[in-house]
Every structure is written in structure tokens, then in C-alpha cells.
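Analysis of the macromolecular model
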Amino acid sequence: MPDLSKITCIEDLRVVAKRRVPRMFYDYADSGAWTEGTYRDNEAAFQKIKLRQRVAVNMEGRSTRTTMIGQETAMPVAIAPTGLTGMQHADGEILAARAAKAFGIPFTLSTMSICSLEDIAENTGRHPFWFQLYVMRDRDFMERLIDRAKAANCSALQLTLDLQVMGQRHKDIKNGLSAPPKPTLANMINLATKPRWCLGMAGTKRRYFGNIVGHVKGVADMSSLASWTNDQFDPSLSWADVEWVKKRWGGKLVLKGIMDTEDARLAVDSGADALIVSNHGGRQLDGAPASIDALPAIAAEVGHRIEVWMDGGIRSGQDVLKARALGARGTLIGRSFLYGLGAYGEAGVTRALQIIHKELDVTMAFCGHTQIDNVDSGILLPGTY
């Protein structure tokens, strides 16, 4: 285990990850659509929100423990579903799931993961985890995927609603990111500078989309995957599809990608157990508001009827606390854990969680609270949110 005591913030992990992860995969994680304005605003919007510091308050006996859809968690944070996680570090999804289990927070596996549902179940002792699903044209594959999630002991399904069409990310096009990746001279030279990453990949058999390759007719390897994937995202997605998924799944359902109060009301009407205020990390609609800016209105509109969560731009425990104060029952982190994974593997994910937890705990104390479930907008300076 590396000594990560001098790694004191998420930015430290990002710097190391950028150095160690091949450019095309680092850029895939650390980029947004078009001008990347919404991607940058997700993070910047948190900085505008100011905290009220309180003094002479008993700060003993603090606890950040809470629940998300009835599941106990060490803090109001879960690991978000991120595609290609296993390309940030060999066996990346397995390592992140292990770190989340040990820390006591939920882990969400993406449909577009490198490690499969079965890999996660096998390597975490069948510990419950969450699974993220897209609505695809191939409904037979969707049904089998849902059945596999049940068999893997998934305790909740996250249905992503904001990927009916793909947002354009300039860096992915420039880097030639594809399935399989294009072996351009620039990419080969860049890979030669990442020996640690290459050694890790040489030591694992998991280099494909484990939930898809071998489970779809005509998709036996990465070369046949691209055309199938491009045709699968369903632009005709409707709320009737959400109802179908809920009925087919039969368990806890979370809807991801809600940014409007009207859609939030429809999410409640669909019978979902939670919704996630999310702009897909700024990777879809550039020009959309930051997630934290969209959160208060949605929480006020439906927070008394459904659990409201948020993701996008969380880089610290202070961000988690601010989201909680503005009505989010829980938060999800994507890039923050990916930086840790790319930098140091499982130990890096653990370090990212430790950093966020400590910042959350200490900031909560300075704001005069000892229990996360008692935090509300009273900890924020009026006029800054």
C-alpha cells in the first residue's frame, strides 16, 4: 500500500492520474461536451456558495451516517456509474467496488463498464451494489441484463434518461477514442510513456465491455461492438419505457438525469424511489445549468415525495455538505473517485473517500452541526445560493 498521507485533496489525485493514465482514457473521463462550459460550471458553482461559521457549539459525537433509499451509508455519498472505468486502471470497477464496500458507501456499476456484473459480485463476496441501465432498442438484451443484475445481488437500478442521443466531446474525437481504440502513432507514443498502466492491462483479461461482449448476438469482440452500441441508444425513450423498466425490475428504481421541475414531477408519478439531479457531468447538453444550481427548485418541488440526489462537480466534502443543505438526500461522485483510481488503484479510491469524508465531517462541525441528518440551508450564507 502506498503512503498517501501527503495526498490531501482530490486535485492531488487528479494531477497524478493525468500523469499515469493514457491520454485518450484520461480525457474521456475529464472532459465535457462542446465548449465544456457546463462541465466547468458544475465545479465552479459550488465555490459561489458560502458557509456560515458557528462557534462555541459542542462538536463532540459527530456522525455523517445516513441512508439512501433505505440503505445505510457512512456518508451521503455513493460512487456514480462511469463508463470505461476499467480503462483508468486495470480491473478498475472491481477495485472501486471493493473500496466502496470497505468504506461503507454504495457502488454503482455502469452498463458500459469493463468489468461485468458477475465480476463485481464474485470479487466483493456478493455484497449488494447498484447497477446503471440505459434504455436500448434491443429489449431482449435489456431484459437479460436486468435479470443478470438481479442474479448479481444488485439492490437498486439506476436508469439513465439523458443519453437518448450522444453529446459531442471534442477530445474523444481528436484522440481517436473508439471501440477498439485507434492505434495512431500519437496514441502509441503516449502509451509508451505509461508503463505502469500497460503492465496492469497486460495482467488482466478484462479489456472489453464485460456486460455486453459475449452477451449480444453478433458482438463477440471489441471490433464488432462499436456499430452495435451506436445503434442501441433509443431516441424514442418515453415515460412508458420507464414504467416498463420498473415493472421488469421490480426493485428500487432511481432515475438519473433530471434537471427540470416538470421532469421531476413526472419522475415522481412514474413510481421511482429516487431521482438524481444530473447533467451527466456536463457531457451531454453544454449550456445547461450546473447541477447544484438546478437542485434547490427540484428539491422544493418534489423532495417531500421522493428522495432527491445530485451529482456533478463534487470535488470535496464541503460540496457534499452544500448539496445536502440545498435538499439533496445523497450525492454521487464520478471524477473524484476516477482520479483516485487512475492515480493509485484501489488505494487511490479509498484515499478519495477519506478526503471527502474528513472535509465533510470537519466543515459540518464548523457550521455548528454534529449530525448530517440535521443539516439544512441554515448553514449557508443568504444571498450566495
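Structure shown above.
I will try to describe carefully the structure that is included in this document. (Residues numbered from 1 in each chain as written. Predicted model: local features only at pLDDT ≥ 70, side-chain atom pairs only at ≥ 80, totals over all residues. Heavy atoms only, no water.)

1. Looking at the pattern of salt bridges
Side-chain pairing between opposite charges can occur once the charged atoms of the two side chains come close. Selection criterion: For this document, the term salt bridge refers to a Lys or Arg side-chain nitrogen within 4 Å of an Asp or Glu carboxyl oxygen. We count a stretch as a helix when DSSP gives it H or I for four or more residues in a row; a strand needs E for two or more, and each element gets its number in order from the N terminus. Only protein chains enter the accessibility calculation, which uses a 1.4 Å probe; a residue is then buried when its area is under 20% of its type maximum, exposed when over 50%, and partly exposed in between.
Taken as a whole and judged by the stated rule, the model has 17 salt bridges. Where glutamate 36 meets lysine 171, a salt bridge forms, and the shortest distance between an N and an O atom there is 3.7 Å. Residue glutamate 36 is located in the loop between α2 (23-29) and α3 (37-48), and its partner lysine 171 is located in helix α7 (residues 170-175); the two are separated by 135 residues in the primary sequence. Here arginine 148 makes a salt bridge to glutamate 118, at a shortest N to O gap of 2.8 Å. Remark: glutamate 118 occurs in helix α5 (residues 117-123) and arginine 148 occurs in helix α6 (residues 139-151); sequence separation between them is 30 residues. Since its relative accessible area comes to 36%, glutamate 118 is described here as partly exposed. Through salt bridges with shared partners, one network takes in Asp91, Asp119 and Arg206.

2. Observations concerning the side chain of aspartate 286
Defined as follows: Counted as positive: Lys and Arg. Counted as negative: Asp and Glu. His and the chain ends are not counted at all. For this analysis, a polar contact is any N or O atom pair within 3.5 Å, provided that within protein one partner can donate a hydrogen and the other can accept it, and provided that sequence-adjacent residues contribute only side-chain to side-chain pairs. The contact criterion used is simple: two residues touch if any of their non-hydrogen atoms lie within 4.5 Å.
Along the polypeptide, aspartate 286 turns up in the loop between β8 (274-277) and α13 (291-302). For the buried aspartate 286, no salt bridge is present, and the opposite-charge side chain at shortest range is arginine 40, 6.8 Å distant. Engagement of the side chain of aspartate 286 in a polar contact is seen with the side chain of threonine 35, the distance being 2.5 Å. Among residues more than four places away in sequence, those in contact with aspartate 286 are Ala33, Trp34, Thr35, Glu36, Gly37 and Thr38.

3. Looking at the packing of aromatic side chains
We count it as follows: Pairing of aromatic rings covers Phe, Tyr and the six-membered ring of Trp, with a centre-to-centre limit of 6.5 Å; geometry is then stacked below 30 degrees between planes, edge-to-face above 60, and tilted otherwise.
Evaluated as defined, the whole model comprises three aromatic pairs. Taken together, a centroid distance of 5.7 Å and an interplanar angle of 25° make the contact between phenylalanine 25 and tryptophan 197 stacked. Here phenylalanine 25 is found in helix α2, whereas its partner tryptophan 197 is found in helix α9 (residues 195-202), with 172 residues between them in sequence. Across this residue pair, the class does not change: phenylalanine 25 and tryptophan 197 are buried. With a centroid separation of 5.4 Å and 15° between ring planes, the pair formed by tryptophan 130 and tryptophan 309 is classed as stacked.

4. Observations concerning helix α11 (residues 239-249)
The test is simple: Our arc is simply the arc of the directions from the helix axis toward the C-beta atoms.
Here α11 has its buried residues at Asp241, Val242, Val245 and Trp249. Along α11, the residues classed as buried sweep out an arc of 105° about the axis, all on the same side. Across α11 from its buried face, at more than 90 degrees, point the exposed residues Ala240 and Lys247. Residues of α11 that are buried sit in contact with β5 (129-134), α6, β6 (154-160) and β7 (252-258). The positive-phi residue at the C-terminal boundary of α11 is glycine 250, with phi of around 80°.

5. Here we look at the packing of helix α12 (residues 261-269) against α13
So the rule is basically this: Between N-to-C directions, angles span 0 to 180 degrees; the directions come from axes that are lines fitted to C-alpha atoms, helices contributing only their stretch in contact. Each angle receives one of four descriptions, namely roughly parallel if under 35 degrees, roughly antiparallel if over 145, roughly perpendicular if within 65 to 115, and oblique otherwise. For a crossing to be left-handed, the near helix must be turned anticlockwise from the far one by less than a right angle; the clockwise case is right-handed. Residues are sorted three ways: Asp, Glu, Lys and Arg are charged, Ala, Val, Leu, Ile, Met, Phe, Trp, Tyr, Cys and Pro are nonpolar, and all the rest, Gly among them, are polar.
Two elements in contact, α12 and α13, have axes separated by 9 Å at closest approach and are oriented at 40°. In this view, α12 runs oblique relative to α13, as classed from their interaxial angle. Our pair here, α12 against α13, has a crossing hand that is right-handed. In this structure, α12 contributes Thr261, Ala264, Arg265 and Val268 to the contact, and α13 contributes Ala297, Ile298, Glu301 and Val302. Among the residues forming the contact of α12 with α13, the class breakdown is five nonpolar, one polar and two charged.

6. Description of α6
Short version of the rule: Here, expected helix span is obtained from the residue count minus one, scaled by 1.5 Å.
In this model α6 runs 18 Å from its N-terminal to its C-terminal C-alpha over 13 residues, within 8% of the 18 Å that 1.5 Å per residue would give. Turning to α6, its buried residues number three or more, namely Phe141, Met142, Leu145, Ile146, Arg148 and Ala149. Looking down the long axis of α6, one finds its buried residues gathered within 160° of arc, a one-sided arrangement. Where α6 begins, the side chain of aspartate 138 points an oxygen toward the backbone nitrogen of aspartate 140, at a separation of 3.3 Å.

7. With respect to the pairing of strand β9 (residues 307-311)
Threshold: Here, the term right-handed applies to a crossover whose path from the first strand over the helix to the second runs clockwise when the strands point away from the viewer. What makes two strands pair is DSSP finding at least two bridges between them.
Taking burial as the measure, the five residues of β9 include four buried ones, the bulk of the element. As a crossover connection, the stretch from β8 through α13 into β9 is right-handed. Both β9 and strand β10 (residues 330-333) contribute to a ladder of three bridges, which runs parallel. Bridged to tryptophan 309 within β10 is glycine 330.

8. Considerations on the environment of aspartate 147
For aspartate 147, the position within the fold is in helix α6. Measuring from C-alpha to C-alpha, the distance between aspartate 147 and asparagine 190 comes to 40 Å, with 43 residues separating the pair along the chain.

9. Examining the pairing of β7
Taken residue by residue, a regular strand's side chains alternate between the two faces of the sheet. Of all seven residues making up β7, six are buried, and the element is well covered by its neighbours. Sheet topology note: the β6/β7 ladder contains five bridges and is parallel. Paired with alanine 156 across the bridge in β7 is lysine 252. Sheet analysis places β7 next to β8, joined by four bridges and oriented parallel. Within β8, the residue paired with leucine 255 across the bridge is leucine 275.

10. What about the environment of leucine 266?
Within the element layout of this structure, leucine 266 appears in helix α12. In this structure the C-alpha to C-alpha distance between leucine 266 and valine 349, which are 83 residues apart in sequence, comes to 35 Å.

11. Some remarks on the sheet that holds β5
Spatially, the eight strands line up as an open sheet ordered β3-β10-β9-β8-β7-β6-β5-β4, and their pairing is parallel. Every interior strand has two partners, whereas the edge strands, β3 (77-79) and β4 (108-109), have only one. Note: β3 against β10, three bridges, orientation parallel. Among the inter-strand pairings, valine 77 is bridged to a residue of β10, identified as threonine 331.

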